[in-house]
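Examination of the molecular architecture
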Amino acid sequence: MENISLSTNAKNTWCPGCGNFAILNSIKAVLGGLIEEGFPREKIVIVSGIGCHAKIADYLNVNSFYSLHGRVVPVCEAIKLANPELKVIGFAGDGDTYGEGLEHLIFAAKRNIDINIIIHNNRVYGLTTGQYTPTSPLGFKGRSTPKGTKESPINPLELMMASHASFIARGYTHGIELLKKIFKEAIMYKGFSLVDVLQVCVTFFNMYDYYNKRVYELKDYSPEDYSLAMEKIKEWDYNTDSKIPLGIFYKKGLSNDKT
Ligand SMILES: Cc1ncc(C[n+]2csc(CCOP(=O)(O)OP(=O)(O)O)c2C)c(N)n1
Ligand code: SF4
Ligand SMILES: [Mg+2]
């Protein structure tokens, strides 16, 4: 049996307390488990964008492709089309994929390409030091909006529902067990899967207190019901004080022919 270490020698430069550590540790556990069960490590490929999240490619010892800002999804699609046997996982930022490159996400969902996209949704541009993104709340004060943004955020999960995504989930970086469960199911799903992770950026948008008071896990819930999924996805619109459901909102029972 292979000695499964997915760590690398790269120096980690994320800020102490950054939610990206939870994503890294969860994915290491899930991929390590898959490899232990016999899935060939060489058939796993990860793709990252540009941003703090993207450094995950340096910290995970599997095949990886560091792409361009906003271009995680087309690179994942191209790899999958070139070799459908590969398991392709994209790690993207909220600025990276809900802003620049959003059209790729919509079409990958619509076409049901068999890739897994994980969004480190810290609702801010972390690497470039704190500008607003499509998921920053109304009034967000950052480097580019010192008086507060006048735009309301989008709910990316609602957008994914409207784009016919087959698998839609939300995780949170404070709660690694749930994150592992969601990642495993999304990675094993045959079809397009999107996991939006509320990833706290402690330096530019520390939302731990806000999230900790509101998050709850979906239980006794059927993810195959489109209307119910839409209702749950709309429960929190990224702006309000409502509760924030976590888990798998939607999962189509039968996926189409992917490629
Ligand atoms: C085409 C292009 N546009 C803009 C940039 C500058 N840029 C680098 S990272 C970044 C934002 C990163 O924010 P996000 O995707 O949310 O990732 P995070 O750092 O928060 O993980 C921007 C605008 C770039 N590198 N390339
Ligand atoms: S700036 Fe934010 S997202 Fe980037 S490493 Fe620091 S805490 Fe994490
Ligand atoms: Mg971001």
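Residues numbered from 1 in each chain as written. Chains lettered and ligands numbered in written order. Predicted model: local features only at pLDDT ≥ 70, side-chain atom pairs only at ≥ 80, totals over all residues. Heavy atoms only, no water.

What follows concerns the site of ligand 1. Lining the immediate surroundings of ligand 1 are 16 residues, of which Cys52, His53, Asp94, Asp96 and Leu127 lie closest. Contacts to ligand 1 include Val124, whose backbone N or O atom sits 3.0 Å from an oxygen atom. When ligand 1 sits alone it has 590 Å² of accessible area, and the protein chains cover 74% of it. It is helix 4 (residues 94-99) that contributes the most residues to the shell around ligand 1, 3 residues altogether. Broken down by class, the residue content of the shell around ligand 1 amounts to 5 nonpolar, 8 polar and 3 charged. (Near = heavy atom within 4 Å. Polar contact = N/O pair within 3.5 Å; in protein donor to acceptor, adjacent residues only side chain to side chain. Areas by Shrake-Rupley, 256 points an atom, 1.4 Å probe, with all protein chains shown as cover. Helix = DSSP H or I, 4+ residues; strand = E, 2+ residues; numbered from the N terminus. Nonpolar A, V, L, I, M, F, W, Y, C, P; charged D, E, K, R; others polar.)

Before going further, it helps to examine the site of ligand 2. Taken together, Trp14, Cys15, Cys18, Cys52, Asn122, Gln199, Cys201, Val202, Thr203 and Phe204 make up all the residues around ligand 2. In the shell around ligand 2, the residues fall into 7 nonpolar, 3 polar and no charged.

This part covers the environment of Glu151. Here Glu151 is to be found in the loop between strand 4 (116-121) and helix 6 (156-162). On the basis of relative accessibility, which here comes to 45%, the residue Glu151 falls in the partly exposed class. Separated by 18 residues in sequence, Glu151 and Ala169 have C-alpha atoms that sit 25 Å apart. Not counting residues within four places of it along the chain, the set of residues in contact with Glu151 comprises Tyr132 and Leu138. Here the side chain of Glu151 touches Tyr132 through a polar contact of 2.7 Å, side chain to side chain. (Buried < 20%, exposed > 50% of the residue type's maximum accessible area, 1.4 Å probe, protein only. Contact = heavy atoms within 4.5 Å.)

Turning next to the coordination of the magnesium ion (ligand 3). The coordination sphere of the magnesium ion (ligand 3), as far as protein atoms go, consists of Asp94 (OD), Asn122 (OD1) and Val124 (O), spread over 2.1 to 2.2 Å. Every donor residue of the magnesium ion (ligand 3) comes from the same chain, spaced as D-x27-N-x1-V. A single burial state applies to Asn122 and to Val124, both of which are buried. (Donors = N, O, S within 2.8 Å, 3.2 Å for Na, K, Ca; no water.)

Let us look at the confidence of the model for the protein. Do not read the fine detail of predicted coordinates wherever pLDDT is low. Confidence along the protein averages 95 in pLDDT terms, with 97% of residues attaining 70 or more. Here residues 255-259 is a poorly scored stretch, pLDDT under 50, and it has 14 contacts once near neighbours within four places are set aside; other chains count. (pLDDT = per-residue confidence, 0-100.)

Looking now at unusual backbone geometry. The backbone phi angle of Thr129 is positive, close to 75°, even though this residue is not glycine. One non-glycine residue, Asp220, lies in the positive phi region at around 45°. Overall, Asp220 belongs to the exposed group, its relative accessible area being 85%.

A cluster of nonpolar side chains, namely Ile50, Tyr66 and Leu127, defines an oily patch on the protein surface of about 260 Å² accessible area. Here Tyr66 lies in strand 2 (residues 63-66). (Patch = residues over 30% accessible without salt bridge, like charges linked within 9 Å, V, L, I, M, F, W, Y side chains within 5 Å. Salt bridge = Lys/Arg side-chain N within 4 Å of Asp/Glu carboxyl O.)

This part covers the pairing of strand 3 (residues 87-93). Burial within strand 3 is extensive, with 7 of its 7 residues counted as buried. Burial of the side chains of strand 3 extends over both faces: Lys87, Ile89, Phe91 and Gly93 are buried on one face and Val88, Gly90 and Ala92 on the other. Two elements, strand 1 (residues 44-48) and strand 3, share 5 bridges in a ladder whose sense is parallel. Across the sheet, the residue bridging to Ile46 is Ile89, located in strand 3. Summarising the sheet, strand 3 and strand 4 pair through 5 bridges and their orientation is parallel. Of the residues in strand 4, the one forming a bridge with Gly93 is His120. (Pairing = 2+ DSSP bridges.)

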